[in-house]
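Descriptive structure summary
Chain by chain, the residues:
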Amino acid sequence: MSRFSEYLRAHAPYLGLGGLLLLMVAGSLLAPQPASRPSSGASRPLDVQGDVIRLRFDYIKNLNYDFDPRATTPVPPPAALQALDGRQVEIAGFALPLYSPTGETEFLLTQSANGCCFGAPPMLQHMILVRAGKMKVNSYGEPVLVRGILSVGPEWEDGYVTSLLRLQATSIRDLADDRDIE
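Anyway, here's the lowdown on the structure attached to this text.

Rules used in this analysis
- Per chain, residue numbering runs from 1 following the sequence as it is written.
- Per-residue local features are limited, in this predicted model, to residues with pLDDT of at least 70; the limit for side-chain atom pairs, both in listing and counting, is 80 or more; totals at the level of whole chains, interfaces and linings are taken over all residues.
- Calculated side-chain values reflect all of the structure's heavy atoms, with hydrogen atoms and water omitted.
- Helix and strand definitions here come from DSSP, where helices need a minimum of 4 consecutive H or I residues and strands a minimum of 2 consecutive E residues; each element is numbered from the N-terminal end.
- The buried label applies to any residue whose accessible area, calculated with a 1.4 Å probe on protein chains only, is under 20% of its type's maximum; exposed applies above 50%, and partly exposed to all values in between.
- Contacts were defined at the residue level, with two residues in contact if any of their heavy atoms lie within 4.5 Å.
- Note on areas: these come from Shrake-Rupley sampling with a 1.4 Å probe, and a residue is covered only by the protein chains present in the view.
- Each pair of aromatic rings taken from Phe, Tyr and Trp, with Trp reduced to its six-membered ring, is defined by centres within 6.5 Å and is described as stacked if the planes are under 30 degrees apart, edge-to-face if over 60, and tilted in the remaining cases.

Some remarks on the overall build of the protein chain
Across its full length, the protein chain carries 3 helices and 7 strands. Starting at the N terminus and walking to the C terminus, you meet the elements of the protein chain as α-β-β-α-α-β-β-β-β-β. The proportion of buried residues among the 182 residues of the protein chain is 34%. Expressed as a percentage of contacts within the protein chain between residues at least 6 apart in sequence, the contacts between residues at least 24 apart total 62%. On the protein chain, roughly 11400 Å² of surface is accessible, and the fraction owed to carbon and sulfur atoms is 55%.

If you want it as structure tokens, here you go:
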């Protein structure tokens, strides 16, 4: 048992619920995180159906694109990811809405619907900015399948990198469940 856990057990009656919750949150942030293991689909080659590449978030994550937003010159994406630039891809994920002053549909596509609220937020290289024009998403936060042309590499706005992966959508389809999101 760690010293922190021992401290919590010994002092829990004196901390009150608020203090105990605060210590638990702080402890979970400071605790060593288990190494993540890729899913079984992560090492599989990409599925190609005609001229459409079936892309998976696990594939993107396992390319180990270590992007540092503080770097003045970002590290270029891995060659395997650059090879997808300009290609037609299809990927399943969760649509998280963005405000668009132009009225056109833009959203972030992520592997997890709750990654930004209840867990660690996804890193910039693990999200896809989807630009869908006049197409609409029926229900944000629900699983969707998006097809379109992928752009790979940093996109800058006002001196900041705002996206590393972008998808100009040609179709958006609702999924019945999240089983296809890998």
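A short note on the environment of W156
Along the chain, W156 turns up in strand 6 (residues 143-157). Accessibility expressed as a relative area gives 44% for W156, which makes it partly exposed. If near-sequence neighbours (up to four positions away) are discounted, W156 is found in contact with T72, P74 and V161.

Regarding the packing of aromatic side chains
A full pass over the atoms with the stated rule returns 1 aromatic pair. Relative to Y140, the ring of F107 has its centre 6.3 Å away and its plane inclined at 70°; by these criteria the two rings are edge-to-face. Of this pair, F107 sits in strand 4 (residues 105-110) while Y140 is found in the loop between strand 5 (128-133) and strand 6, placing the two residues 33 residues apart along the sequence. Look at F107 and you get buried, because its relative accessible area is 0%.

Structural notes on the environment of E142
Note that E142 resides in the loop between strand 5 and strand 6. The partly exposed category is assigned to E142, whose relative accessible area is 42%. A C-alpha to C-alpha distance of 7.4 Å links E142 and A113, two positions 29 residues apart in sequence. For E142, the contacting residues outside a window of four places in its chain are G93, F94 and A95.

Regarding the environment of Q82
Residue placement: Q82 occurs in helix 3 (residues 79-82). With a relative accessible area of 40%, Q82 lands in the partly exposed category. Residues Q82 and L150, spaced 68 residues apart in sequence, show a C-alpha to C-alpha distance of 9.9 Å. Those residues within four positions of Q82 in sequence are excluded, and the remaining contacts are P76, P77 and V152.

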